[in-house]
Amino acid sequence: MTAPDAPSVTRSRIKLIAVFALFFGPLFLAVIWYYGLGAAYAPRGGTNHAPLVTPAQPLAAFSNPGINGGNGLDREALQDHWTIIHRIEERCEAACKTSLYNTRQTRLALGKDLSRIHRVLVVSDSGSAPQIQSEHPDLLIVRRVNAGLDDQLKPIVQLLQAAPDDAFLVDPLGNVMMLIPGTLDPSDLLKDLKKLMKLSKVG
């Protein structure tokens, strides 16, 4: 019995490799795509740009008076609409102004749905309030008080390591359910809000 010549062995090996490639090649490529390249190009439609508060934190009763005798805020006033809550300890510096600007522009970009979003600012010092109010006429500005809204937000701030200029989104049932980073692009925030309001049965 004669041994197969070298060309025959080479052809047999090529055929064997081709058979393996035919059956296992697609599986190998699928694994590479899923764990490698695919992650970079995966659609983001199923994710939020702003981090969610999980689980959502229900607010208990509170009452914050308005500045200079203006309208105050309590838990009942949060019902039936979405509310973006900003907080400042002292003065509204550059990062604070950027955060307020971003949520204002996002709300305006909602068009006919802008009435579904309310904005609130909690302040310790009302000295800068007149200027802020002139730039943000839709903004309800209230004073920080003991046992007020800000006290209920403190545990969430600590949990999420929120920055002073980050805001929070409260749903129409009075639950704190999203952190809005002050640096979040308004277009990304707009996408999140549109998705939430589309899914919501209230507000």
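Refer to the preceding data block for the structure.
Here is a short report on the structure shown in this document. (Residues numbered from 1 in each chain as written. Predicted model: local features only at pLDDT ≥ 70, side-chain atom pairs only at ≥ 80, totals over all residues. Heavy atoms only, no water.)

A closer look at the pattern of salt bridges
For side chains of opposite charge, pairing can occur when their charged atoms come near one another. Following the criterion strictly, the structure yields six salt bridges and no others. Linking K154 and D151 is a salt bridge whose minimum nitrogen-to-oxygen distance equals 3.4 Å. Of this pair, K154 and D151 both sit in helix α4 (residues 149-160), three residues apart, roughly one helical turn. (Salt bridge = Lys/Arg side-chain N within 4 Å of Asp/Glu carboxyl O. Helix = DSSP H or I, 4+ residues; strand = E, 2+ residues; numbered from the N terminus.)

Some thoughts on a negative patch on the surface
On the surface, E89, E90, E93 and D125 cluster together to form a negatively charged patch. Relative to the helices and strands, D125 is located in the loop between β5 (117-123) and α3 (129-135). By relative accessible area, D125 is classed as partly exposed at 41%. (Patch = residues over 30% accessible without salt bridge, like charges linked within 9 Å, V, L, I, M, F, W, Y side chains within 5 Å. Areas by Shrake-Rupley, 256 points an atom, 1.4 Å probe, with all protein chains shown as cover. Lys, Arg positive; Asp, Glu negative; His and termini not counted. Charge placed at Lys NZ, Arg CZ, Asp CG, Glu CD. Buried < 20%, exposed > 50% of the residue type's maximum accessible area, 1.4 Å probe, protein only.)

A short note on the layout of surface pockets
Reported here for the largest pocket is a volume of approximately 180 Å³. R91, C92, E93, K97, L100, Y101, R104, S128, Q131, I132, E135 and H136 are the residues that line the largest pocket. Of all the elements in the fold, those that place two or more residues in the lining of the largest pocket are α2 (94-109) and α3. In terms of residue count, the dominant contributor to the lining of the largest pocket is α2 (four residues). Per-class residue counts for the lining of the largest pocket are four nonpolar, three polar and five charged. (1 Å grid on protein atoms, 1.4 Å probe; cavity = no way out; pocket = protein on both sides within 12 Å on 5 of 7 lines; lining within 4 Å. Points joined across faces, edges and corners; volume = space filled by probe spheres on them. Nonpolar A, V, L, I, M, F, W, Y, C, P; charged D, E, K, R; others polar.)

Digging into helix α5 (residues 186-199)
Structurally, the α-helix is built with 3.6 residues per turn, so residues lying three or four positions apart point the same way. Over its 14 residues, α5 runs 20 Å from end to end, which matches the ideal 20 Å to within 8%, given 1.5 Å per residue. Where the residues of α5 are buried, they touch β4 (82-88), α2, β5, β7 (167-170) and β8 (175-180). (Expected span 1.5 Å × (residues − 1). Contact = heavy atoms within 4.5 Å.)

So, the pairing of strand β6 (residues 139-143)
With five bridges joining them, β5 and β6 adopt parallel strand pairing. In the strand pairing of β6, V122 is matched with V142. In this region the chain leaves β5, passes through α3 and returns to the parallel neighbour β6; the handedness of that crossover is right-handed. (Pairing = 2+ DSSP bridges. Right-handed = clockwise from strand over helix to strand, strands pointing away.)

Quick look at the nonpolar core
Counting residues in each nonpolar core, the largest one holds 18 residues, and the members touching the most others are L59, L73, I85, L149, L153, F168 and V176. At the level of elements, β5, α4, β7 and β8 are the ones that each hand at least two residues to this core. Among the elements that make up this core, the one with the highest residue count is α4 (four residues). Counting residues in hydrophobic clusters, the runner-up holds 16 residues, among them M178, I180, L190 and L193. (Core = buried A, V, L, I, M, F, W, Y, C linked by side-chain atoms within 4.5 Å.)

Side note on empty space enclosed by the protein
Sizing a probe to match a water molecule and rolling it over the atoms shows the empty space that remains. For the structure shown, the criterion picks out two cavities of 30 Å³ or more. Of the pockets and cavities examined, the largest cavity occupies roughly 40 Å³. Together, S99, N102, T103, I180, P181, G182, L184 and L189 line the largest cavity. It is α2 that provides the largest number of residues to the lining of the largest cavity, a total of three residues. For the lining of the largest cavity, the residue count by class is four nonpolar, four polar and no charged. For the second largest cavity, the calculated volume is near 30 Å³. The set of elements that each furnish at least two residues to the lining of the second largest cavity consists of β4 and α2.

Side note on the sheet that holds strand β1 (residues 52-58)
Taken in spatial order, the six strands of this open sheet run β1-β8-β7-β4-β5-β6, and their pairing is mixed. Of all the strands in the sheet, just β1 and β6 have a single pairing partner and so form its edges. Put simply, the sheet's adjacent strands are angled 30° from each other on average, direction ignored. The pairing of β4 with β7 spans three bridges and is classified as antiparallel. Along β7, the bridge assignment pairs I84 with L169. Each of β4, β5, β7 and β8 touches α5; the most contacted strand, β8, lies at about 155° to it. (Axes fitted to C-alpha atoms, helices over the stretch in contact; angles between N-to-C directions.)

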